[in-house]
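Understanding the architecture of this molecule
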Amino acid sequence: MDRLQYTDTVEPSGARTGPGRLERLRRRLRGRRLPFLAGLLALLILVDAGLVVYDAREATFNTLYVAAVGKVRMLSQRLAKAAQQASQGNAVAFKQLRDSRDEFAAVVKLLGGGGVASGVTLPPTPERVRPQFGTLEAQWYKTERNAGLVIAEERNLVALGAAVRAINDNNPALLELADEIAALSVQSGGSARQNAITAHLVMLTQRMAKNANAMLAGDVVDPEVAFLLGKDTNTFRDLLQGLLHGNDAIRVARASDAELRGKLGELESGFKQYQAGVTQILGNMQRLVNAKRATRDIFNDSEALLVASEKLEAGYQEESENRKYNFFALGGISLAAFLVLLLIGKVYLDDSRKRAEDSERQSRSIIPRPKSKHRYWINVVGNVAYTAVREKNRSRSAVRGRKVILRTLISRWGTHWGTIEILTVKVRLTFVFGWLSCATIPGWSGWSLKTPFNWGKEGGSQIVVRVRVAARIIKRIHPFVGKKGSLRSSICARKLR
Amino acid sequence: MNRTTVGLLAAAAVFSLDSRAENGVSANRILLGQSAVFSGPAAQLGIQMRNGIKAYLDYVNERGGVHGRRLELVSEDDRYEASVAPAASKKLIEEHRVFALLGYVGTPTGAAHLPVVTQAKVPLVGMFTGAEILRAPLNRYVFHVRASYYDETEKIVEQVVSTGGKKISVFYQADSYGEAGRKGTEIALTKRGMVIHSSGTVERNTLKVEEAVKAIHGSEPDAIVMVGAYAACAEFIRQMRKTGSGATFYNVSFVGSKALADALGNDGSGVAISQVVPFPWGSAVPVVKEYQSLAKKSGFADYNFSAMEGFLTAKVMVEALWRAGKNPTREGLVDALEKMQDVDLGGFYVSYSPKNHAGSKFVDLTIIGRNGKFLR
């Protein structure tokens, strides 16, 4: 019977010896542990988020750097190609050359000093990649200066291209004329010297054209080509004038044949256009030489520029590999956050268990002895249900839960087993209805079981629900209790006795 | 022996006695003298000149000489030093007793030789120099075969101007030769309303060109007219190229074209040289063809401009000796030379008169190509 006197089991708290200092501290800490952990978790998540943002930023920058260097690589080759075409007087190539140079300069400026690219404010090239960037920059300044030299000569180079084209257009006619004159000189019985000179004129028309083309097309101006072009033009002029008017210095006598003189006149006027072209080329010789030299330098340096940009790209790639440390940090902090989360769960569970224990202790002290026997038993069953469910919730597995319930029932209510049985039968009558009600109750630890059972303080419907719940619990554990001859039942019987 | 034969012999003896009165001419030979440079940095000039002369003299001697007399050449080294020169000429005239002189080399040496030669009244044909001081005033005993430096610098300036050159500098040897070239350039430039852009000098027989390189490179000329000998010019060109100069180099003929090209090696490409004799590697000109075959026969197969000039000089001398008759005298030789009007030596013409001893005004421009070969 003493087991039923649970109302008396609670000792007045004052009678207890107070908890130790340590215990008090722990309690106080325990009370604040949750907010502290929550704060820590929030901090870790914040750091995590920061890392993610930082890493994303880094990744974006690196992508932009690499994209920019890729562009530089392309431009280094485009520039060389355009410069070569430009130095041969190709007007279209100048636009390409200018564009390439400007784009290249913009990219170098962006990489060197930072700026807005694809809507992102890109910082200057990081310190670790600076040496590679410095090499590229130095190479670029050389090429930029050379490109500037070529571009500055645009008007001249285009005009030169036109002059050479004019020479080429004029050349067949001039050759034809010179050829005719040579033949005519022989036919008209000209002196050996005169015949030699007219033959020489034929050769000169071809050599001048050849050298004019060689000068424009070559990637450098051969000094000997320019020299010969100038010399041939002078020689041609002197010989032609000699044949027309006579010249003692070069030992040419005035040609006497009328037809020959007519042809020489034609050749003279044809040569004037030719000479204008040559004069234009030679008059701009120094510019042409400079432009060609700049072009050749651009071409030669394009390889170095390409290599430098490749090295720079490799530098950026290396830089992006440093991002793996970001991932490590991210992983570590996430793990820590997860652990904190688990800790929070544990603390929370501990707290709630403690609270439950406290409330149980309370409930024991507050359940009054009902007046009628019927009510008393309802209370008893309700409390059994409450305790059993709580115990079950505390344990993890269902089977263990049942065992716990059983054990609880046996340990606390073993002497009243028969009563429970009876009550079970009675409650079963309302089971169908109760089942439906139970379905609406979310789990065993639903609201209705949060507080100890107390008939006198609750409304009728609540009681009904509690009874139903209790009935359901009993029904659930019944197989362990009810089967006669089973180990459980014999244990129960022993205990009951 | 009959009387006639004896008489002929006696006549011959008399003739030979007569000739002996004229130094260097004997019954079966005529001794010719050459004073030139055979040692030091300009040695190639004298050596090649002599090779050219010998090539033609060998040929003439092989065919029986001139009027039955073999032509022999004795050479003296004046080391291209004006101080040594008078003694060299004196030795030729007084010691070797040469009949006539030919193939001299150099302006300053020439200027030192001339008083000796003029005083001894020995004809001198062909000086490897175009300096005006050796041409004006007219010297009765000196005959030139080549055009003057003024002709050369005129041609060079014309070429530079027509190839777009505006700034023309002069690098010259600090003596009468260099001065002649500088003056010629100045005259040609003045004619075109231009002035010498900048200038630098080098001492004869030295390679100290640093000062000149500094002075001329600093002014960034388009073209440089060079009046020096090959060793110094090669050094100058090399140093200029090293400093990154883009100027075109023009040398006057005296530089010694082949020697310059050899000295420059790969640096020679684009160096222009004015020439006063036909291109020795082409064979379109008859005299060049003749020169090539005779030089080869004499064992001087390394054709070059200096030897070509020596060859032409020898040819003028031989032609004059033929014209001077069977009993040549120095005065007779001079007269014969002065009567040589428009003489064709095989595509190369010389012309002398009592008022003109210049001989030729032929100037051609050549340039050293990529492989060290000359282009014209």
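Residues numbered from 1 in each chain as written. Chains lettered and ligands numbered in written order. Predicted model: local features only at pLDDT ≥ 70, side-chain atom pairs only at ≥ 80, totals over all residues.

**Re the overall build of chain B**
If you tally the helices and strands in chain B, you get 12 helices and 15 strands. Within chain B, buried positions represent 58% of all 376 residues. The contacts in chain B between residues at least 6 apart in sequence include a share of 69% that link residues at least 24 apart. (Helix = DSSP H or I, 4+ residues; strand = E, 2+ residues; numbered from the N terminus. Buried ≥ 20, exposed ≤ 12 C-beta atoms within 10 Å, placed from the backbone. Contact = placed C-beta atoms within 7 Å.)

**Here's the deal with the overall build of chain A**
Broken down by element type, chain A carries 16 helices and 2 strands. Sorting the 497 residues of chain A into buried and exposed places 30% on the buried side. Contacts in chain A between residues far apart in sequence, at least 24 positions, make up 78% of those at least 6 positions apart.

**Side note on the sheet that holds strand β8 (residues 223–227) of chain B**
All names here are of chain B. The sheet built from 7 strands is open, its strands ordered β7-β6-β8-β9-β10-β14-β15 with mixed pairing. The sheet terminates laterally at β7 (199–202) and β15 (374–375), the two strands that pair on one side only. Of the pairings in the sheet, the one linking strand β14 (residues 364–368) to β15 comprises 2 bridges and is antiparallel in character. When the bridges of β15 are listed, Ile367 appears paired with Leu375. (Pairing = 2+ DSSP bridges.)

**Things to note about the interface of chain A and chain B**
The interface of chain A with chain B comprises 17 residues on the first partner and 17 residues on the second. Grouping the amino acids of the side of chain A that touches chain B by side-chain chemistry returns 8 nonpolar, 6 polar and 3 charged. (Nonpolar A, V, L, I, M, F, W, Y, C, P; charged D, E, K, R; others polar.)

**Digging into the environment of Asn61(B)**
Residue and element names in this part refer to chain B. As for its placement among the helices and strands, Asn61 is situated in helix α2 (residues 43–62). Taking the C-beta count within 10 Å as the criterion, Asn61 has 16 such neighbours and is therefore assigned partly exposed. Taking the C-alpha atoms as reference, Asn61 lies 6.4 Å from Leu71; in sequence the two are 10 residues apart. Every residue in contact with Asn61, bar those within four places of it in the chain, is listed here: Arg70 and Leu71.

**Concerning the pairing of β7(B)**
Residues and elements named next belong to chain B. Burial along β7 is two-sided: Ser199 and Thr201 and Gly200 and Val202, pointing in opposite directions, are all buried. In this sheet, β7 lies alongside strand β6 (residues 168–173) in parallel orientation, the contact comprising 4 bridges. When the sheet's bridge partners are listed, Val170 is paired in β7 with Ser199.

**Let's talk about the confidence of the model for chain B**
All names here are of chain B. Summarising the model, chain B shows a mean pLDDT of 88, and 94% of its residues fall at 70 or more. Here residues 3–21 is modelled with pLDDT under 50, and outside its nearest four sequence neighbours on either side it reaches 11 contacts, counting other chains as well. For this predicted complex, the interface confidence comes out at an ipTM of 0.78, alongside a pTM of 0.64. (pLDDT = per-residue confidence, 0-100.)

**Some thoughts on the environment of Asn326(A)**
All names here are of chain A. Relative to the helices and strands, Asn326 resides in helix α10 (residues 323–366). Judged by the 16 C-beta atoms lying within 10 Å of it, Asn326 is partly exposed. Along the primary structure Asn326 and Asp55 are separated by 271 residues, whereas in three dimensions their C-alpha atoms are 6.5 Å apart. Setting aside residues up to four positions removed in sequence, Asn326 forms contacts with Leu51, Tyr54 and Asp55.

**Let's talk about helix α6 (residues 176–191) of chain B**
Residues and elements named next belong to chain B. End to end, α6 covers 22 Å across 16 residues, agreeing with the expected 22 Å (1.5 Å per residue, within 8%). When α6 is considered as a whole, its buried residues turn out to be Ser176, Tyr177, Gly178, Glu179, Ala180, Gly181, Arg182, Gly184, Thr185, Ala188 and Leu189. Those residues of α6 that are buried lie in contact with α4 (107–120), α5 (149–162), β6, β7 and β8. Positive phi appears at Gly193, one or two residues downstream of α6, with a value of about 70°. (Expected span 1.5 Å × (residues − 1).)

**Quick notes on the packing of helix α7 (residues 210–218) of chain B against helix α8 (residues 230–242) of chain B**
Residue and element names in this part refer to chain B. For the pair α7 and α8, interaxial distance at closest approach is 10 Å and the crossing angle is 50°. If you check the angle between α7 and α8, you find them oblique. Handedness of the crossing formed by α7 with α8: right-handed. Contacts between α7 and α8 involve Ala212, Val213 and His217 from the former and Phe236, Gln239 and Met240 from the latter. (Axes fitted to C-alpha atoms, helices over the stretch in contact; angles between N-to-C directions. Parallel < 35°, antiparallel > 145°, perpendicular 65-115°, else oblique. Left-handed = near helix turned anticlockwise from the far one by under 90°.)

**Some details on the confidence of the model for chain A**
Residues and elements named next belong to chain A. Averaged over every residue, the pLDDT of chain A is 74; residues scoring 70 or more account for 67%. Confidence, expressed as mean pLDDT per element, reaches its minimum in chain A at helix α14 (residues 431–440) with 34 and its maximum at helix α3 (residues 91–113) with 90. Below a pLDDT of 50 lies the segment residues 1–16, which in the model reaches 11 contacts outside its immediate sequence neighbourhood of four places, other chains included. Across residues 413–464, where pLDDT falls below 50, the model places 65 contacts with residues more than four positions away in sequence or in other chains.

**Some details on the packing of helix α4 (residues 130–152) of chain A against helix α9 (residues 285–321) of chain A**
Residues and elements named next belong to chain A. Contact geometry of α4 with α9 gives a least axis separation of 8 Å together with a crossing angle of 160°. As far as their axial angle goes, α9 and α4 are roughly antiparallel. Crossing hand, α4 versus α9: left-handed. Here the residues of the contact of α4 with α9 are counted per class, giving 13 nonpolar, 9 polar and 4 charged.

**Some remarks on unusual backbone geometry**
Residues and elements named next belong to chain B. Residue Pro137 is bonded to the preceding Ala136 through a cis peptide linkage, with omega at 0°. A positive phi angle is found at Arg97, which is not glycine, with a value near 55°. As for its position among the elements, Arg97 is in the loop between α3 (85–95) and β3 (100–105).

**Some remarks on the pairing of β6(B)**
Residues and elements named next belong to chain B. Judged by how many residues are buried, β6 sits mostly within the fold: 6 of 6 residues are covered. On β6, burial covers both faces: Ile168, Val170 and Tyr172 on one face and Ser169, Phe171 and Gln173 on the other are all buried. Where β6 lies against β8, 5 bridges are found, and the strand directions are parallel. Among the inter-strand pairings, Ile168 is bridged to a residue of β8, identified as Ala223.

**Description of the sheet that holds strand β11 (residues 343–344) of chain B**
Strands belonging to one sheet form pairs held by backbone hydrogen bonds; the direction of such a pair is parallel or antiparallel. Judged by pairing direction, the sheet is antiparallel, and its 3 strands sit side by side in the order β11-β12-β13 (chain B) without closing on themselves. The outermost strands of the open sheet, each flanked by one partner alone, are β11 and β13 (356–359) of chain B.

**Concerning helix α8 (residues 258–283) of chain A**
With 26 residues, α8(A) extends 36 Å from end C-alpha to end C-alpha; this agrees with the ideal 38 Å at 1.5 Å per step. Lys272(A) marks the point of greatest bend in α8(A), at about 25°. Within α8(A), the full set of buried residues consists of Leu260(A), Lys263(A), Leu264(A), Leu267(A), Phe271(A), Tyr274(A), Gly277(A), Val278(A), Ile281(A) and Leu282(A). Looking at the buried side of α8(A), the elements it contacts are α5 (154–187), α6 (192–217), α7 (223–245) and α9 of chain A together with α5 of chain B. (Bend = angle between axes of the 7 residues up to and from the residue.)

**Comments concerning the environment of Thr118(B)**
Residues and elements named next belong to chain B. As for its position among the elements, Thr118 is in helix α4. When the C-alpha atoms of Thr118 and Arg140 are compared, they prove to be 8.2 Å apart, with 22 residues separating the residues in sequence. If near-sequence neighbours (up to four positions away) are discounted, Thr118 is found in contact with Asn139 and Tyr141.

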